[in-house]
Structures are given as C-alpha cells and as structure tokens.
Amino acid sequence: MKQLTQQLKDGAMELLETPFPAMKSGHVLVRTHFSVISAGTEGKTVKDARLGYIGKAKARKDEVKKVITMAQTQGLAQTYNTVMSKLEAPSALGYSCAGQVLEIGAGVEGISVGDIVACGGAGAVHSEVVCVPKNLCVKLTDPSKVKEGAFATIAAIAMQGIRQADLRLGENCVVIGLGLIGQLTVQMLKAAGVKVVGVDIDQNAVDLALKSGADLALNRSADGIEDAINEATRGAGADAIIITAATSSNDPVEFAGLIARKKAKVVIVGAVPTGFSRKHYYQKELDLRMSSSYGPGRYDVEYEDKGHDYPIGYVRWTEQRNMQAYLDLLEAGKIEFDHLLSHEFAFEEAPKAYDMIHERSEPFVGIVLKYNQDQELKRTVHVQRNIDASKKAKVGFAGAGSFAQNYLLPNLKGKVDFTGVITARSNTAKNIQDKYGFQFASTDADELMKDATTNTVFVATRHDLHGEMVLKALKADKHVFVEKPLCLKEEELERIAAEYTKHSTHLMLGFNRRFAPLITALKKQLNPASLRSIHYRINAGILPTDHWVHDLEVGGGRIIGEACHFIDLAAFIADSRIKHVSAQRMTDAKNVSDTVTIQMQFENGSIASIDYLSNGSKELMKEYIEVFSGGVVYQLNDFQELLTVNKGVKKVKQSGQDKGHKKEVEAFIASIQKGGETPIAFDAIYNAMKATFAVIQSYKNSGERITL
C-alpha cells in the first residue's frame, strides 16, 4: 500500500510503498476511500518542515535546548546522528478519513467487516489502509456519504467548541474565523437554533458563511462592525464568541471581549494567543474557555488506545460521540457540503494539494484526497537483495524506534546481513528498510519469526512485547538480542528460562553499561581478592505521569523499565550473583514509585546501594558510581570520567559519553559469527531480572528482605 509522508528535514513529500499498519486488539483496519487535509494543522506542519535549519530552530526553541544538552553529554557526533535520524525519517500526515472496514480486532463491537466508517486521530493518516482505535471509529448508516463522512474528526472539533460555549435555543453566537471549522460551526449552531454572526478578515470566507446559513457575516475590517453586531444582538452583546481563527495576533481575543455581553463565554478553538487586555474581561466578568480538540477522551491513553469508554451518564459527549453526532446531522441533511468542498485531488496528487495550501495560490476550504479502490494492495514490502553469505548473522528487527535507530542499527550496519524489519508504524518500517537494506518490511511479527533466512532477532519494541517476542524467537530457534527489560512479569521470566534451556541459540539482554570503556577500565583495576562496596546514584529526573513507561501494562514502571540496568551493573562490578535484596520507596502524589533506594548483598559478600531518584534537578549529572575496594576508591562520573583515589588521584577522561552500546552489539554479533559464549551469561540476566522483581516486592512490603 501507499502512504503519504514528508521529511522534517526539508519538507520533501513522497508516496511511500509501505506495509499495512499493525493490527491490534481494540482496533479497526480500514481501507481508505477519502481523507481530509486540514489546511490549518497540516499546513503549519508542512510550512515548518520547509523552513531552513535556522527557521526550524526559531520555531522549536525547546527542541534546540534539548539538542544542546545532548551534545554536552553524548558528544557532537552522536547528537548529530540522532538529530539527522529524526529529521530524515518520513513523517505521516493527516488525522481524518473514511473508508471500508477490512478487519476488526478483539474487543470491537458494533462494527463489522465491510462497514463504511469515519476515522480519526493519529492513526487516520493519509494512507491507503489505516488502523484506528475503536473509540475513534464511527459507522456511517448511509455509505453514499463517505466523502463527507471523512470530515467527521474535523467536524468534532467544531462541535466540541459549541459544547464548551454551552448555548441555549434562541441565544446568539459570534464565530471569529471562518475557515473550514468555522463554517461547520456556523452550520451546527444554526441546526441548534442559535443566531449566528460570522467574522473573518477574508471576504471570500465571509461570503461563504452566508451560504453556510449565518444570519450576518462581516469582514473584520468593515466600518461599524461593532455597531452591526450590537444591533444583531438587540443591544445586549454576544452570548458567546467561538474563536476558530489561527493567527499570532491578539485581535480575536481582544475583539471577543469588546463585543461580548456581560458574563458571556469566549471559547478558543483555534491557535490564537490568549493574552488580552484586562478591561473588558474584568468589567464584564467574561468566562474564557479552551476547547480541547475533538472532545473528552482526547489525549487520554485509556480512552483512545485502550478503548475504555466514559460512561454516558457522566460524560455525555466524548470525541467518538461528537463524531457520531456530526454524522447524524450530515445524514439528516442538516449539514451541507456542496459549497465547502473546494478541492478534490487523487491521492497520487496529494503533494500538489499541499503546494497549493503552502503557496496559497487559490482560495480553498474543504480539501479531500480520493483513493483508487480498484488497486491491489500488498501487506508486506519485499525488495530483492543479494544475501551476503560471508555474514553468518542474518538479522531481523522487531521494533525500530528511536533507540534502535540511534544505538543498535548504526552499530550493526555493514557487519550483518539485514533480513526483515517489523514495526507498528508502516512509514517507520519502510524508512528503516530503505536506509539499512532490509529484505522486507512488515508490521506482522510472525512473518519475521517464520522467515527461514533470519537466524537472529533484535527485539526493540515497547516493553510489554519483549517477553512475547523473545519466546516467539526462541521457539523459532533464533538468536535473540532484546533491549531491557527482558519481560514485565516474573511468570514470563520463568517461561523464557524454561524455553531457553531447550535451544542452543544465544539470548542476550541489552545491559550495555557492562561494555562501557570506563567500566572496563575500572574492572581491570579491581583486586579480584577484595570485596566491593558499591554506591550507585541515578539522577533519573522527572518523567510525566502519563508517559507510557509508567503504564504498568505497557512500560512496567521505571524500576523494571530502567533500574534493571543499574542492578545488573552493580552485580557485574561486584563480580558475583545477587543473594539478598531490600528496597524502600518514597511515596508522593504521583504514586508511580520512581524514587527508590535499593540495598543488595552478593554471594561473595560484596554489597551495593542503588539510589534511583526522580525528584532531583537535571542540572546534575545522571549517573554517579563509587566503588570502595581494597583501600582504593573508584569514582565514575556519568560515563565520561573515572577517578582512582589511592595515594593521589588518577583521572581518565573521555571527550564524550560512552555507555557501551557499540561494544555490546559487536560482542553479541561476534559470538554468532565466530562462535563462543554469549557475552552476558543467561544466569546473570536471570539473576538481575529476579532481583528487579524482588525490589518491587520488597518496597511493597515495607522493605522486606528478599532472598533470591
């Protein structure tokens, strides 16, 4: 299938031949008939992408700060590669479409294969096939309205603005900004029995508003506009003002305050500044409200991704119900589109549509892309490339997000033969296939596991899939490299351990810090006969509570998701298995258990204390290790500097941070191509993961000492 993408580097657009998106539980797979281009949201995205580097830096100052911080810790070369990887990756566009259902996932009810549905959200991109969550998918009872139905998501934005205005039958409303959302707002307000005044700086939009049913439509620059609105509201002023404009000017908000009646509502739907003069808002006690996208449920992972609906008795209008309400109005003839559909392009000509928007070469309102329904679509993208017989490692990837792109794939390129790449996002799979020369790209993990050529699988998905992918790869008798953690549940660990014993393949977990040059230097200096007392402080920093890592079902939490790294490294430095674990957590309002102190005792008598802290300042380095052993103190500062204190201070300093990713991957591939032991023994991996699970058990039981 084909998908429209653009590069953030220069705004270049391309119709990529990509695999079908990954089908998931609670989702619906749809063949697109029409998709809508949002001239506002997507137009800005395209405009920003076509800026030069200086323009991009000015537009994204926060991102520039992050780049500077990364350069200070990881060095210029790694930072440059990371930034360019992001800029050169093809990004999807679009969020509103309609088409025919091809497949339904588990847990989807009320929708059947063959139904015509309207789709919204991040999955409803400009693509021949899309996969959307069930709560962002609404069935059309009249399939002939599929083109207009493609506007459901954008219409839901207009509808949510009206709901925020909380208008009653017979009241009046001024709509400022008469683009597509503004025009739909006008029609919906009229359908609800509200008197409507439209205002815009573009006379074409003003004229169009009259066709949409506005009782009065005015150009913002017209003389006497305030008097005209005052007259239309019988001298009282507007009951509500809905701002659907997109501008950097304060005028819409200021003007709203001027024309509003006392205690009126001002609702901001569009992208406008919220700064305003105090006078009118204070004297009239105006109610300024924001309208969040399609409605309740937006940006809520539980609602959108996991499909947990809000009870209608408590939340009458969700984003899905807003979409449904629009379709009801459409099918009842309350919404007219003849005057709003200004342009229709064949999907293959999509770049021309964006050029028109960017250059504003002609007036436009509603812009749709039409898809050819007769074309045969392929689920997987295969490219015929020669197999390199000299490379024994035939590597496939399950997951290829930012970590894989920045730390795994570059270190494998030229050293292995790439076979298949599997990702949830079609455009990512195709990008990685082209960039690294994979034989095929797909979104179906089973295809990789069944591939006879592939003998090695790298698992770099989100955490919840690690255990499942490892088991599948082991059962397929393939070597496995999996990013941490190995799995999220202790029962998964036991199943993996049992399966591993049945095979002679390598299984390695991405505990890269073992391979860091400064750790190697530290280990060489340690006296094998001396016990070690280890203090490891991690200034992990604050992570938003809605981050996927905090989701116990998906990320497992930060202890399983990241602290396993530090538990393993302490065991590696101690050169012994972990015997006892105890832990205490600091409780706070977030209730995410990401500030934890861990105590460990090893079989050889060494001890370790790990402080994983999320309540500190980013100004302090992230990782600090002290090792006391045999009268010597070793101090490692964020994998950039090693101090050895013993009759003076010996210092080893690196120009940049090196946490061992390259050497880790090289060691794993060498074990396959040259033979030999797995670089990290499975017993050490098992012990570190058992200790990680024990940490959680301990802090849940008031610091109980757990014996492994």
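Rules used throughout
Residues numbered from 1 in each chain as written. Predicted model: local features only at pLDDT ≥ 70, side-chain atom pairs only at ≥ 80, totals over all residues. Heavy atoms only, no water. Helix = DSSP H or I, 4+ residues; strand = E, 2+ residues; numbered from the N terminus. Rg over C-alpha atoms; globule rule 2.2 N^0.38 Å. Buried < 20%, exposed > 50% of the residue type's maximum accessible area, 1.4 Å probe, protein only. Contact = heavy atoms within 4.5 Å. Areas by Shrake-Rupley, 256 points an atom, 1.4 Å probe, with all protein chains shown as cover. Lys, Arg positive; Asp, Glu negative; His and termini not counted. Charge placed at Lys NZ, Arg CZ, Asp CG, Glu CD. Pairing = 2+ DSSP bridges. Polar contact = N/O pair within 3.5 Å; in protein donor to acceptor, adjacent residues only side chain to side chain. Core = buried A, V, L, I, M, F, W, Y, C linked by side-chain atoms within 4.5 Å. Axes fitted to C-alpha atoms, helices over the stretch in contact; angles between N-to-C directions.

Trainee: Sorry if this is basic, but what is going on with the overall build of the chain here?
Mentor: Looking only at helices and strands, the chain features 23 helices and 32 strands. For a compact globule of 708 residues, the expected C-alpha radius of gyration is about 27 Å, and the chain comes in at 29 Å, within 12% of that figure. Reported as C-alpha extents along the three principal axes, the dimensions of the chain are approximately 95 × 60 × 50 Å. Considering the chain as a whole, with its 708 residues, one finds that 55% of them fall into the buried category. Summarising the internal contacts of the chain: among those between residues at least 6 apart in sequence, 67% fall at separations of at least 24. Put simply, the chain shows about 30,800 Å² of open surface, and 50% of that area lies on carbon and sulfur atoms. The averaged location of the 84 negative side-chain charges in the chain is 5 Å from the averaged location of its 85 positive side-chain charges.

Trainee: Hey, could you run me through the pairing of strand S7 (residues 129–133) in this one?
Mentor: Here is the key point about a regular strand: its side chains alternate between the two faces of the sheet. Taking burial as the measure, the five residues of S7 include five buried ones, the bulk of the element. Every second residue of S7 is oriented toward a common face, with Val129, Cys131 and Pro133 on one face and Val130 and Val132 on the other, all of them buried. Bridge count between strand S3 (residues 27–37) and S7: five bridges; the pairing is antiparallel. Its bridge partner lying in S7, Val28 is registered against Val132.

Trainee: I keep staring at the side chain of Asn322 and nothing clicks. Help me out?
Mentor: Summarising the element assignment, Asn322 is placed in helix H13 (residues 319–331). For Asn322, the side chain forms a polar contact with the side chain of Gln160, separated by 3.1 Å. At a separation of 2.9 Å, a polar atom in the side chain of Asn322 contacts the main-chain carbonyl oxygen of Tyr294. In this structure Asn322 touches Ala156, Met159, Gln160, Arg163, Tyr294, Gly295 and Trp317, once residues within four positions along its chain are discounted.

Trainee: Just to check I follow, could you spell out the nonpolar core for this structure?
Mentor: A general trend in soluble globular proteins is that nonpolar side chains are found buried together. Core analysis: the biggest nonpolar cluster contains 100 residues, and Phe397, Leu486, Met600 and Ile625 have the highest contact counts within it. Excluding its chain neighbours within four sequence positions, the residues that come into contact with Phe397 are Ala404, Leu408, Leu409, Leu412, Phe418, Gly420, Val421, Ile422, Phe438, Leu448 and Phe458. Counting 53 residues, the second-largest nonpolar core is a separate cluster that includes Val186, Ala217, Phe337 and Leu340.

Trainee: Would you mind going over the sheet that holds strand S13 (residues 260–268) with me for this structure?
Mentor: Sheets are built from strands that pair by backbone hydrogen bonding, the pairs being arranged parallel or antiparallel. As summarised here, the arrangement of the six strands in space is S11-S10-S9-S12-S13-S14, forming an open sheet in which the pairing is parallel. In the strand order of this sheet, the two ends are held by strand S11 (216–219) and strand S14 (287–290), each with one partner. Neighbour-to-neighbour, the strand axes of this sheet turn through a mean angle of 20°, independent of strand direction. Sheet topology note: the strand S9 (residues 172–176)/strand S12 (residues 238–243) ladder contains four bridges and is parallel. Bridge pairing in S12 places Val175 opposite Ile242. Across the sheet, helix H6 (residues 152–165) lies against S12, S13 and S14, angled at about 150° from S13, the strand it touches most. Its contacts with the sheet put helix H7 (residues 180–191) on S9, strand S10 (195–200) and S12, and the angle it makes with S9 is roughly 170°.

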